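# Overview (structure and organization)
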Amino acid sequence: MIATSGADPRDDAEGALPVKLMVCGGFGAGKTTFVGAISEIVPLTTEAPLTEESLAVDTGAVATKLATTVALDFGRISLDSGLVLYLFGTPGQARFRFAWDGVATGAIGAVILVDSRRLDDAFPSVDFCEARGIPFVIAVNRFDGVLAHELEAVRECLVLDDEVPVLGIDARSRADAKGTLISLVLHALRSAT
């Protein structure tokens, strides 16, 4: 359960067990929004206005996007069990992927956010996690409340094992983000045994 006492969770940081989680996915898939929806602190973001080089990226379904993550997003969630989840969101543009290895170091798992209108954008994140043995869940973001493909079709397209959870979510929803993180932690625990 997420801590709900009125106390500042930072006051209890001593003795807490830190858990590092990645949030990755393609450009405009909802990573920054996801971290912001669940973080108990104001998330640290490194959003910068889109440049001409950024605009060269096929923005397609996210043509209204005005900024992009250039380093990482960071959020934190303290749980009643004494765990503290640290969320590290990666940049989505290929030119910033050099930062992913640093973010991945020590992570027990990853949420891969997927825009179902642009499934091809998910492959670099899936390949990255699979190559490093990082357990992951797929969180298909419902843009405008709609999934462009059924979840099973997403699983087939991304060629995922049956054990990999594939969830339909709204990245703006705290409840959906919470459910996604629970699914990830449970999947990571199963993968570790």
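I will try to describe carefully the structure that is included in this document. Note on numbering: residues in each chain are counted from 1, in written sequence order. Reporting in this predicted model follows two pLDDT cut-offs: at least 70 for local features of residues, and 80 or more for side-chain atom pairs to be given and counted; totals over whole chains, interfaces and linings ignore these cut-offs and use all residues. Hydrogens are left out, water is left out, and the side-chain values use all remaining heavy atoms of the structure.

## A look at the sheet that holds strand β6 (residues 109–115)
As a reminder of what qualifies: Should DSSP find at least two bridges between two strands, the strands are taken to pair. Helix and strand assignments follow DSSP, with helices taken as H or I runs no shorter than four residues and strands as E runs no shorter than two, numbered in order from the N terminus. Every axis in this analysis is a line fitted to C-alpha atoms, fitted for helices over the stretch in contact. Angles between the N-to-C directions lie between 0 and 180 degrees. Residue contacts follow a heavy-atom distance rule, with two residues in contact if any of their heavy atoms lie within 4.5 Å.
The 6 strands lie next to each other as β4-β5-β1-β6-β7-β8, forming an open sheet whose pairing is mixed. For this open sheet the edge positions go to β4 (73–78) and β8 (166–169), each flanked by a neighbour on one side alone. For this sheet, the mean angle separating the axes of adjacent strands, direction not counted, is 25°. Across 5 bridges, strand β1 (residues 17–25) lies against β6 in parallel orientation. Opposite M22, over in β6, you have A110 as the bridge partner. Against the sheet, helix α1 (residues 31–38) contacts β1, β4, β5 (83–89), β6 and β8, and its axis sits at roughly 25° relative to β4. Across the face of the sheet, helix α6 (residues 174–192) comes into contact with β1, β4, β5, β6, β7 (136–141) and β8 while running at roughly 160° to β7.

## Details of unusual backbone geometry
We note that D144 has phi near 55°; this positive angle belongs to a residue other than glycine. Tracing the backbone shows D144 in the loop between β7 and α5 (151–157). Located in the positive-phi region is V159, a residue other than glycine, with phi close to 55°. Relative to the helices and strands, V159 is located in the loop between α5 and β8.

Such coordinate-based values are descriptive only and should not be taken to indicate function.
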